[in-house]
Amino acid sequence: MAGNKYLKNASGTITEEAAIQSSAGAGDAGKIPALDSAGKLDNSMMPTGIGGDTKQIVASEALSAGNLINVYNNAGTLNMRKADATTAGKEANGFVLSSVSSSATGTAYFEQLITGLSGLTVGAQYYLSTTAGTPSTTVPSTSGNIVQKIGRALSATELLFMPQPDPITLA
């Protein structure tokens, strides 16, 4: 969604200019910001240390909005994939809020509120599921599975993501 436009005096000539919705850094100094489609400022416009804890990472598989992700070293390149309780080493480190195609770069979020989910039980503890990329109230129980607490539901659509750093691998 394009931001609103405003009139600008460019050396005596009045021109229309679009406000920006994300910043590439110093080159955007002095430009007027616009809110995004959610009515918020993009994290790229926030001062260092303010805003979401995010990183741009390449997806090694297609990811859907709300997927829990595992961040890993793929031949020297940081990649993200669906977190999965069926395999040790694929614990949940973060999540995505938007779909990301395989081999594309997307925004990974860490330790904050996951929004846009559905069917959560308010107040319930959630674990990494054996269904890749998803949370569950069911604790994995099969040998070789990992048990990782990932957060608590604050509403039917919001999960406070605070993953247990060292999941337990079941014998």
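Residues numbered from 1 in each chain as written. Predicted model: local features only at pLDDT ≥ 70, side-chain atom pairs only at ≥ 80, totals over all residues. Heavy atoms only, no water.

Asks: I tried to follow the pairing of strand β12 (residues 149-153) on my own but got confused; where do I start?
Replies: The sheet contact formed by strand β9 (residues 125-128) and β12 spans three bridges and is antiparallel. Looking at β12, one finds that Y127 is bridged to K149. Taken together, the three bridges between β12 and strand β13 (residues 159-161) define a ladder with antiparallel strand orientation. Bridged to A153 within β13 is L159. (Pairing = 2+ DSSP bridges. Helix = DSSP H or I, 4+ residues; strand = E, 2+ residues; numbered from the N terminus.)

Asks: Help me understand the nonpolar core in this model?
Replies: Side chains that are nonpolar tend, in soluble globular proteins, to be buried together. Judged by nonpolar contacts, the single largest core of 17 residues is most densely connected at L68, L128, I150 and L159. Within the residue set of this core, elements represented by two or more residues are β9, β12 and β13. Of all hydrophobic cores here, the second largest spans nine residues; its members include A59, L63, M80 and F110. (Core = buried A, V, L, I, M, F, W, Y, C linked by side-chain atoms within 4.5 Å. Buried < 20%, exposed > 50% of the residue type's maximum accessible area, 1.4 Å probe, protein only.)

Asks: Explanation requested: the sheet that holds β9 in the structure shown.
Replies: Reading across from one edge, β8-β13-β12-β9-β10 is the order of the five strands in this open sheet, with antiparallel pairing throughout. With one partner strand each, in any of the chains shown, β8 (113-114) and β10 (135-136) form the two edges of the open sheet.

Asks: What am I meant to see in the side chain of K90 here?
Replies: You can see K90 is positioned in the loop between β5 (77-82) and β6 (94-95). Summary of buried charges: K90 has no salt-bridge partner, and the nearest side chain of opposite charge, D84, is 4.5 Å away. Residues within four places of K90 in sequence aside, it is in contact with N70, R81, K82, A83, D84, L128 and I146. (Lys, Arg positive; Asp, Glu negative; His and termini not counted. Salt bridge = Lys/Arg side-chain N within 4 Å of Asp/Glu carboxyl O. Contact = heavy atoms within 4.5 Å.)

Asks: How do you make sense of unusual backbone geometry when you look at a structure like this?
Replies: Outside of glycine, negative phi angles account for most residues, and trans bonds account for most peptide bonds. In this model, A75 sits at a positive phi of 55°, which is unusual for a non-glycine residue. Its place among the elements puts A75 in the loop between β4 (68-74) and β5. Although it is not a glycine, E111 adopts a positive phi angle of roughly 40°. Tracing the backbone shows E111 in the loop between β7 (105-109) and β8. When its relative accessible area of 53% is taken as the criterion, E111 is described as exposed.

Asks: Can you walk me through a nonpolar patch on the surface in this structure?
Replies: A surface patch of nonpolar side chains, about 270 Å² in accessible area, is lined by L154, L160 and M162. For L160, the position within the fold is in strand β13. Given the relative accessible area of 31%, L160 is considered partly exposed. (Patch = residues over 30% accessible without salt bridge, like charges linked within 9 Å, V, L, I, M, F, W, Y side chains within 5 Å. Areas by Shrake-Rupley, 256 points an atom, 1.4 Å probe, with all protein chains shown as cover.)

Asks: Where do I start with the pattern of salt bridges in this structure?
Replies: Between side chains of opposite charge, a pair can form when the charged atoms approach closely. Scanning all chains against the criterion turns up two salt bridges. In this structure, the salt-bridge partner of E17 is K8, at a minimum N-O distance of 3.4 Å. The exposure class of K8 is partly exposed, given its relative accessible area of 34%. For the salt bridge of K31 with D28, the shortest nitrogen-to-oxygen distance reads 2.9 Å. Classification of K31 by relative accessible area gives partly exposed; the value is 39%.

Asks: How should I be thinking about the side chain of N70 in this particular structure?
Replies: Inspection of the secondary structure assignment puts N70 in strand β4. Setting aside anything within four residues of it in sequence, one finds N70 in contact with N79, M80, R81, K82, A83, G89, K90, E91 and N93.

Asks: When you look at the packing of aromatic side chains in this model, what are you seeing that I'm missing?
Replies: Within a pair of aromatic rings, the relevant descriptors are the distance that separates the centres and the angle that separates the planes. This model, assessed by the stated rule, comprises two aromatic pairs. With centroids separated by 5.6 Å and ring planes inclined at 15°, the aromatic side chains of F95 and Y109 adopt a geometry described as stacked. Pair noted here: F95 is in strand β6 and Y109 is in strand β7, with a separation of 14 residues, a long-range link. Taken as a pair, F95 and Y109 share a single burial class, namely buried. Between the aromatic rings of F95 and F161, the centroid separation amounts to 5.5 Å while the plane-to-plane angle is 75°, which identifies the pairing as edge-to-face. Here F95, found in strand β6, pairs with F161, found in strand β13; they are 66 residues apart in sequence, far enough to count as distant. Aromatic ring contacts, followed pair by pair, group F95, Y109 and F161 into a single cluster. Seen from the ring of Y72, R81 lies directly overhead, with NZ or CZ sitting 3.7 Å from the centre. (Phe/Tyr/Trp six-rings, centres within 6.5 Å; stacked < 30°, edge-to-face > 60°. Lys NZ or Arg CZ within 6 Å of the ring centre and 35° of its normal.)

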